[in-house]
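Single-letter residue listing:
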Amino acid sequence: MGLADCETAIKLDSNFIKGYTRKGNIHLVLKESSKAMSAFQAALALDASNSDALEGMKKCYETTPTSMTAEEREQTAQRAMADPEVQQIMQDPAMRSILQQMQEDPKALQEHLRNPVIGEKIQKLISSGLISLR
């Protein structure tokens, strides 16, 4: 099933979870992790415990580049913290707690991704370069 087929399936039935997960997997193959995350988030919005969508999100996070120098990390952090949305996420005590849990227990990521709102915030932090997953 190609990308156009997924789009057609989703247009025909916006509740067709496999359309979103297949679309996400296609974007992963194309190395378009941001688009893949959006597709997997849409699937999780329909079914927060969908294993294909959760696994897809995990793959998205694993494919995010992590090999930066200390100087590049500092510059990235400064740019990210200039974004009001990132500032708001980082000032949220609940998100700080979630990020701490994820640091201590990487398996906590899958549990938190079941909540589409938290998944979206984590996606924002990853796409800003502020956090990375290994």
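To keep things clear, this report deals only with the structure shown in the data block.

Procedures and definitions
- For every chain, the first residue of the written sequence is number 1, and numbering continues from 1 onward in sequence order.
- The predicted nature of this model means local features are confined to residues of pLDDT at least 70 and side-chain atom pairs, given and counted, to a pLDDT of 80 or more, with totals for whole chains, interfaces and linings taken over all residues.
- Hydrogens are left out, water is left out, and the side-chain values use all remaining heavy atoms of the structure.
- For helices, the axis comes from a line fit to the C-alpha atoms of the stretch in contact; other axes are also lines fit to C-alpha atoms, and the angle between any two N-to-C directions lies between 0 and 180 degrees.
- Helix numbers and strand numbers start at the N terminus; a helix is a DSSP run of H or I with at least 4 residues, a strand a run of E with at least 2.
- In this scheme, roughly parallel covers angles under 35 degrees and roughly antiparallel covers those over 145, while 65 to 115 is roughly perpendicular and the rest are oblique.
- Only heavy atoms enter the contact rule, under which two residues are in contact if any of them lie within 4.5 Å.
- Nonpolar cores were defined as sets of buried Ala, Val, Leu, Ile, Met, Phe, Trp, Tyr and Cys residues, with membership established by side-chain atoms within 4.5 Å.
- Per-residue accessibility, obtained with a 1.4 Å probe over protein chains only, is compared with the maximum for each type, and a residue is labelled buried under 20%, exposed over 50%, and partly exposed between these values.
- Should a side-chain nitrogen of Lys or Arg be within 4 Å of a carboxyl oxygen of Asp or Glu, the pair is scored as a salt bridge.

**Description of the packing of helix α7 (residues 93-104) against helix α9 (residues 116-127)**
Okay, step 1: α9 packs onto α7 with a crossing angle of 75° between their chain directions and a minimal axis gap of 12 Å. Judged by the inter-axis angle, α7 sits roughly perpendicular to α9. Where α7 approaches α9, its residues Met95, Ile98, Leu99 and Met102 are matched on the opposing element by Ile118, Lys121, Ile122 and Leu125.

**Some thoughts on the nonpolar core**
Okay, step 1: In this structure, Phe40, Met57, Tyr61, Met95, Ile122 and Leu125 are the most contacted members of the largest nonpolar core, which totals 29 residues.
Okay, step 2: Secondary structure elements with two or more residues in this core: α2 (17-29), α3 (33-46), α4 (51-62), α6 (84-91), α7, α8 (108-113) and α9.
Okay, step 3: Sequence-distant contacts of Met95, that is, excluding residues within four places in its chain, are made with Ile89, Ile118, Lys121, Ile122 and Leu125.

**Remarks on the pattern of salt bridges**
Okay, step 1: What the rule picks out here adds up to four salt bridges.
Okay, step 2: A salt bridge links Asp92 to Lys121; the nearest nitrogen and oxygen atoms lie 3.6 Å apart. Of this pair, Asp92 sits in the loop between α6 and α7 while Lys121 sits in helix α9, and the two are 29 residues apart along the sequence.
Okay, step 3: You can call Asp92 partly exposed: its relative accessible area is 23%.

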